[in-house]
Amino acid sequence: MNIDGKQSAVALNLETKEKVDLIRSQHGITPALAVVLVGQDPASQVYVRNKVMQAESVGMVSIERKMSADTTTEQLLAVVNELNNDPSINGILVQLPLPKQIEESLIIEAIAAEKDVDGFHEINSGRLLNGDKRALVPCTPQGCVILAKKALGTDLRGMHAVVVGRSNIVGKPLGMLLLRENCSVTIVHSHTRNIEEICKQADILFVAVGRANMVKASWVKPGATVIDVGINRIDIGEGRSRLVGDVDFEDVAPIAAHITPVPGGVGPMTIACLLKNTIVAACNQNNLNIPFE
Ligand code: GUN
């Protein structure tokens, strides 16, 4: 059965919109997200436009700061500091990747941890590692866990979750989130021996490596749940292309109990979780107790 990420994103955005309305009507605050885009990378431009539009569609204030491709680290730091010091801004996101002259880690660590709605700051990753509920959690891993729970029910306790990929943005934080859900977690990567056999032991298999159609049916236990984070554009001839995941959907879908399609799986959840994080940040900054379900 396909796991419908679009439907889950719509449901989460509805909940976010209700919270935006509540915070505005009861506390006179309109949650605000600032998105910073440096340069003209076409994919980043699309992502940023979607983030800004969706923030507005749930009733938030959304501010877009565009900077030229030759921006220096110092110039970007100055903008981050300005947004850190602006009390009307609750969330800050600097779209990655940044042009190569900019020191990415300096920028991430300069964002005020309480406004870091990407959850990339070391204070937030440290809190996630420690199981501290105050962590702002990276958006894509959050979306993955929501979809796994949608398929399997809210209790993932004791399940063997295998995560393919160990990036700071997805694999590592996803491993920590799954531990918080009381899963037994294995993280595998490009140097892992017997990767196929380990994946085949997974009750839930998460794949975030950025390699089109890498995971085949022989990697998957029949009846497993498969969450595909990959978004790869492949050439299909005659100048045309199409989006595929890291999992060979046609091959794996017949044996998986649940599987996310690409597009329409994890992708739509990422922005929905970003907007949720913006509400969490706004509530934390204003000592409001408005929890998500
Ligand atoms: N580029 C690709 N994914 C992301 C993300 O989740 N956050 C940011 N800031 N940049 C990205």
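Residues numbered from 1 in each chain as written. Predicted model: local features only at pLDDT ≥ 70, side-chain atom pairs only at ≥ 80, totals over all residues. Heavy atoms only, no water.

1. A few points about unusual backbone geometry
The line we're drawing: Only DSSP runs of H or I covering at least 4 residues are called helices, and only runs of E covering at least 2 are called strands; the numbering of each starts at the N terminus.
Here the bond from Leu96 into Pro97 is cis, since omega is 0°, no more than 30 degrees from zero. Along the chain, Pro97 turns up in the loop between strand S3 (91-94) and helix H4 (104-110). The residue after Val262, namely Pro263, is reached through a cis peptide bond having omega -5°. Mapped onto the secondary structure, Pro263 falls in the loop between strand S10 (258-259) and helix H10 (266-285). Positioned with a positive phi, Asn182 is a non-glycine residue whose angle comes to about 65°.

2. Here's the deal with the environment of Gly175
To keep things clear, this is the line we draw: The rule is simple: take the accessible area with a 1.4 Å probe, protein chains only, and divide by the maximum for that residue type; under 20% is buried, over 50% is exposed, in between is partly exposed. For this analysis, residues touch if any pair of their heavy atoms sits within 4.5 Å.
Secondary-structure assignment places Gly175 in helix H7 (residues 171-180). Accessibility expressed as a relative area gives 2% for Gly175, which makes it buried. Taking the C-alpha atoms as reference points, Gly175 and Ala161, 14 residues apart in sequence, are found 8.4 Å from one another. In this view, Gly175 contacts Val185 and Ile187; residues no more than four positions away in its chain are not counted.

3. Overview of the packing of aromatic side chains
Counted only if it meets this: Here a pair means two rings of Phe, Tyr or Trp (six-membered ring of Trp) with centres within 6.5 Å. Their orientation is stacked below 30 degrees between planes, edge-to-face above 60, and tilted elsewhere. Charge-over-ring placement is defined geometrically: NZ (Lys) or CZ (Arg) within 6 Å of the ring centre, and within 35 degrees of the ring normal.
For the coordinates displayed, the defined rule picks out 0 aromatic pairs. Across from the ring centre of Phe292, 4.9 Å away, lies the NZ or CZ of Lys19, which sits over that ring. The side chain of Lys276 reaches across the aromatic face of Phe292, ending 5.4 Å from its centre.

4. A short note on the pairing of strand S4 (residues 160-164)
In plain terms, the rule: If you view a crossover with the strands going away from you and the path from the first strand over the helix to the second runs clockwise, you call it right-handed. Between any two strands, pairing holds if DSSP finds at least two bridges.
Where burial is concerned, most of S4 is hidden: 5 out of the 5 residues are buried. Side chains His160, Val162 and Val164 of S4 all project onto a buried face; the interleaved residues Ala161 and Val163 project onto the opposite face, where all are buried too. With H7 bridging S4 and its parallel neighbour strand S5 (residues 184-188), the resulting β-α-β unit is right-handed. Two elements, S4 and strand S6 (residues 204-207), share 4 bridges in a ladder whose sense is parallel. Residue pairing across strands places Val164 opposite Val207, the latter belonging to S6.

5. Brief notes about the pattern of salt bridges
Definition in use: Take a side-chain nitrogen of Lys or Arg and a carboxyl oxygen of Asp or Glu: if they are within 4 Å of each other, that pair is a salt bridge.
Enumeration over the complete set of coordinates arrives at 10 salt bridges. Of the charged contacts in the structure, one is a salt bridge between Lys149 and Glu181, with a shortest N-O distance of 3.1 Å. One end of the pair, Lys149, is in helix H6 (residues 139-152); the other, Glu181, is in the loop between H7 and S5, and 32 residues separate them in sequence. Exposure remark for Lys149: the relative accessible area of 25% places this residue in the partly exposed category.

6. With respect to the sheet that holds strand S2 (residues 61-67)
Stated formally: Only the stretch in contact is used when fitting a helix axis, every axis being a line fitted to C-alpha atoms; angles between N-to-C directions are given from 0 to 180 degrees.
Strand order in the open sheet made by the 3 strands is S2-S1-S3, with parallel pairing throughout. Of all strands in the sheet, those bounded by a partner on one side alone are S2 and S3. Taken pair by pair, the neighbouring strands of this sheet meet at an average axis angle of 15°, ignoring direction. Where strand S1 (residues 32-38) meets S3, 4 bridges bridge the pair, whose relative direction is parallel. Bridged to Ala34 within S3 is Ile92. Contacts between helix H3 (residues 73-84) and the sheet are confined to S1, S2 and S3, with S2 contributing the most and set at about 165° to the helix.

7. Some thoughts on the site of the ligand
Here is the rule: The nearness test applies per residue and asks whether one of its heavy atoms lies within 4 Å of the molecule or strand. Throughout this description, a polar contact denotes any pair of N or O atoms lying within 3.5 Å of each other; where both atoms belong to protein, one of them has to be capable of donating a hydrogen while the other can accept it, and for residues adjacent in sequence the pair is counted only when both atoms sit in side chains. The accessible surface values rely on the Shrake-Rupley method and a 1.4 Å probe; as for residues, cover is taken only from the protein chains in view. Here the term cavity refers to a set of points on a 1 Å grid, laid over the protein atoms alone, in which a 1.4 Å probe fits but cannot get out; the term pocket refers to an open set having protein on both sides within 12 Å along at least five of seven lines, with lining residues being those that place an atom within 4 Å of a point. Throughout, a molecule is located in a cavity or pocket provided that more than half of its atoms lie within 2 Å of its grid points.
Neighbouring the ligand are the residues Leu93, Val94, Gln95, Leu96, Asp118 and Phe120. In this structure, a nitrogen atom belonging to the ligand sits 2.9 Å away from a main-chain N or O atom of Val94. In this structure, Asp118 approaches the ligand through a side-chain N or O atom, which is 2.6 Å from a nitrogen atom. For the ligand, whose free accessible area comes to 280 Å², the fraction covered by protein is 79%. Because more than half of its atoms lie within 2 Å of the grid, the ligand is assigned to the largest pocket.

8. Points about H7
Residues Gly171, Pro173, Leu174, Gly175, Leu177 and Leu178 constitute the buried set of H7. Structurally, H7 contributes buried residues whose contacts are with helix H5 (122-129), H6, S4, S5 and S6. Within two residues after H7, Asn182 carries a phi angle of roughly 65°, on the positive side.

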